[in-house]
Amino acid sequence: MSAYPNTATASAAESCATDSADPCCGAPLPVLGSEVTVPLVTGGEVTYAALDYAASAPALKRVWDDVAAYAPYYGSVHRGAGYLSQLSTDLFENSRATVAEFLDCRPGDQVVFTRSTTDSLNLLAAAVPAGCEVFVFETEHHASLLPWQDARVTYLNAPRTPGEAVRTLERALADRDPYGPALVCVTGASNVTGELWPVRELAQAAHAHGARIVLDAAQLAPHHPVSVRELDVDWVAFSGHKLYAPFGSGVLAGRADWLQDAEPYLAGGGASRKVARRSDGGVDVEWHTTAARHEAGSPNVIGVYAIASACKALTEAGFDTLVARERHLIRTVRAGLAEVPEVKVLSLFGDDAPRVGVISFVVEGWNSSHFAAALSAEYGIGVRDGLFCAHPLVRTLLGSDPQTQGECGAPEAAPGEKSLNAIRVSFGAGTPDEHVERFVHAVKELVRNGAQWKYRTEEGRCVPDRG
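Given the structure is predicted, the values throughout are model-derived calculations rather than measurements. (Residues numbered from 1 in each chain as written. Predicted model: local features only at pLDDT ≥ 70, side-chain atom pairs only at ≥ 80, totals over all residues. Heavy atoms only, no water.)

Engineer: Explain the pattern of salt bridges here, please?
Structural biologist: Two side chains carrying opposite charge are able to pair once their charged atoms lie near each other. If you walk through the whole model with that rule in mind, you get 23 salt bridges. A salt bridge links R278 to D284; its shortest N-O distance comes to 3.0 Å. Here D351 ties to R334 by a salt bridge, and the two come within 3.0 Å at their closest N and O atoms. You can see D351 sitting in the loop between β13 (343-345) and β14 (358-363) and its partner R334 sitting in helix α11 (residues 319-338), a full 17 residues away along the chain. (Salt bridge = Lys/Arg side-chain N within 4 Å of Asp/Glu carboxyl O. Helix = DSSP H or I, 4+ residues; strand = E, 2+ residues; numbered from the N terminus.)

Engineer: Would you take a moment to explain the packing of helix α3 (residues 83-102) against helix α10 (residues 301-317) for this structure?
Structural biologist: How two helices sit against one another is set out by the angle between their axes and by the gap between those axes. Close contact between α3 and α10 brings their axes to 9 Å; oriented N to C, the two are set at 40 degrees. Judged by the inter-axis angle, α3 sits oblique to α10. With respect to the hand of their crossing, α3 and α10 are arranged in left-handed fashion. Contact residues: α3 offers S88, L91, F92, S95, T98, V99 and F102, while α10 offers V301, V304, Y305, I307, A308, C311, K312, L314 and T315. Residues of the contact of α3 with α10, tallied by class, amount to eleven nonpolar, four polar and one charged. (Axes fitted to C-alpha atoms, helices over the stretch in contact; angles between N-to-C directions. Parallel < 35°, antiparallel > 145°, perpendicular 65-115°, else oblique. Left-handed = near helix turned anticlockwise from the far one by under 90°. Contact = heavy atoms within 4.5 Å. Nonpolar A, V, L, I, M, F, W, Y, C, P; charged D, E, K, R; others polar.)

Engineer: Honestly, the pairing of strand β7 (residues 182-187) in this entry has me stumped. Any pointers?
Structural biologist: Moving residue by residue along a regular strand, the side chains alternate between the two faces of the sheet. Most of β7 is tucked away, with six of its six residues classed as buried. The two faces of β7 match: A182, V184 and V186 on one face and L183, C185 and T187 on the other face are all buried. In terms of strand pairing, strand β5 (residues 133-137) meets β7 through four bridges, oriented parallel. Looking at β7, one finds that V136 is bridged to C185. Relative to strand β8 (residues 212-216), β7 runs parallel, the two sharing five bridges. What sits directly across from V186, in β8, is L215. You can see the chain leave β7, run along helix α7 (residues 199-208) and come back into β8, and the turn it takes is right-handed. (Buried < 20%, exposed > 50% of the residue type's maximum accessible area, 1.4 Å probe, protein only. Pairing = 2+ DSSP bridges. Right-handed = clockwise from strand over helix to strand, strands pointing away.)

Engineer: What is the right way to read the sheet that holds strand β6 (residues 152-156) from this model?
Structural biologist: By definition, the strands of a sheet pair up through backbone hydrogen bonds, in either a parallel or an antiparallel sense. Strand order across the open sheet formed by seven strands is β4-β10-β9-β8-β7-β5-β6, with mixed pairing between neighbours. Strand pairing shows two members of the sheet lacking a second neighbour, β4 (110-114) and β6, which therefore form its edges. The sheet shows a mean angle of 20 degrees between the axes of neighbouring strands, taken without regard to direction. Where β8 lies against strand β9 (residues 235-239), three bridges are found, and the strand directions are parallel.

Engineer: Could you clarify how one ought to interpret the packing of aromatic side chains in this entry?
Structural biologist: In this description, a pair of aromatic rings is defined by centroid distance and the angle of the planes. Applying the stated rule across the entire model yields eleven aromatic pairs. Relative to F113, the ring of F92 has its centre 5.4 Å away and its plane inclined at 65 degrees; by these criteria the two rings are edge-to-face. One end of the pair, F92, is in helix α3; the other, F113, is in strand β4, and 21 residues separate them in sequence. Using a relative accessible area of 8% as the deciding quantity, one classes F113 as buried. Among the aromatic side chains, those forming a connected cluster through ring pairs are F361, W366, F371 and F439. (Phe/Tyr/Trp six-rings, centres within 6.5 Å; stacked < 30°, edge-to-face > 60°.)

Engineer: Honestly, helix α2 (residues 61-70) in this entry has me stumped. Any pointers?
Structural biologist: Side chains that are three or four residues apart share a direction in an α-helix, a result of its 3.6 residues per turn. Taken residue by residue, α2 has V63, V67 and Y70 as its buried positions. Projected down its long axis, α2 carries its buried residues within an arc of 65 degrees, all on one side. Where α2 is buried, its residues contact α3 and α10. (Arc of directions from axis to C-beta.)

Engineer: What's the story with the sheet that holds β14 in this structure? I'm lost.
Structural biologist: The sheet built from four strands is open, its strands ordered β13-β14-β17-β16 with antiparallel pairing. For this open sheet the edge positions go to β13 and β16 (384-386), each flanked by a neighbour on one side alone. Put simply, the sheet's adjacent strands are angled 30 degrees from each other on average, direction ignored. Pairing between β14 and strand β17 (residues 422-426): four bridges, direction antiparallel. Looking at the pairing, F361 lines up with I423 of β17.

Shown next, in the form of structure tokens:
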């Protein structure tokens, strides 16, 4: 059973030599902020190492340049007769076609533009038919774990192998009402461990039991090709800000029927085709049946165009090359962390599981917030600490009480105290070798020598104590 969404890509990735000079690994894609310097508490400045791609990836320079070139021509979409409005409308709808091509959508699939993955999944949650049963693993990000509050939800325990994930889902689906609607929600790549999930096999299991499936591709789409057709998922959701496109926009793409049958996600201009007063004083509304049904209001044209630009840039760069280079970076980080006995890398499926550039870990004897703060203040390295908006999964991996309260950020724990959170390093197409090499060196040095500075807790965050 292959957890890779594309076996050809996996093959190319595995063939990349360990030597970073190997031409198959290529060079990082140009991103904004690559030359930004930050001050160190110990004195001097250093080029910032942005290793928090899983939260928000830096914008590709190509994307920024495309947006800047369009900005003077910005106009109202769908409603204007003027040249700039018509140009902006064409750009908006062409962007929809670009995203559909990027996702290899089927004929008849709709591409709806949203604010984010979270917004996309909440839109779908609002569109599920009455009585729908939803199946979701506890390993999901909160964006895909929580939107289904109005449906009958079955939360599935964290599997320890891809095969167990499929078997767990099959058992749960076999026990459901076979005549009612059902939906499975699953991630493509974990935002905590980076591990790839067996999406195609889960889709087969869902469809065999009369259920549909939505793929949370927030962490998958920036790293691997996502084919709606090949994976046979019913919907896919992702965010622009993780796909090297800024400006707060997202995508929900897939089957049109549930979306067409549901009340508009937002009521207002753009979603309605006709509005008329009735003789009794009320209002009759005829809603669009296209994607516009769920895109009420003035859309984020620049954000949508940025997503389309990022889709083109990644396609042109070639995912075989991007995946190969990322696997080289993953090997560098994992090999470096393996040399530090105090470091425990978090994993569901084991060391050999295919993954994207997302790695979470804890360090024996360190509060995770303290460690992350020291990486930033003393080495100019930006990582993330916390529960990563995936509380049940992180607590399962840490072996802590699932009822323990926590926040997405750092808990109230002082340096040296035990913490119930972890550290996450994440990277991608714009990450140079030097950044991950500096990270590995910093981890080893901090564990060996300790922090050079004193730290304190301030409003839930561990920060340098500046006296």
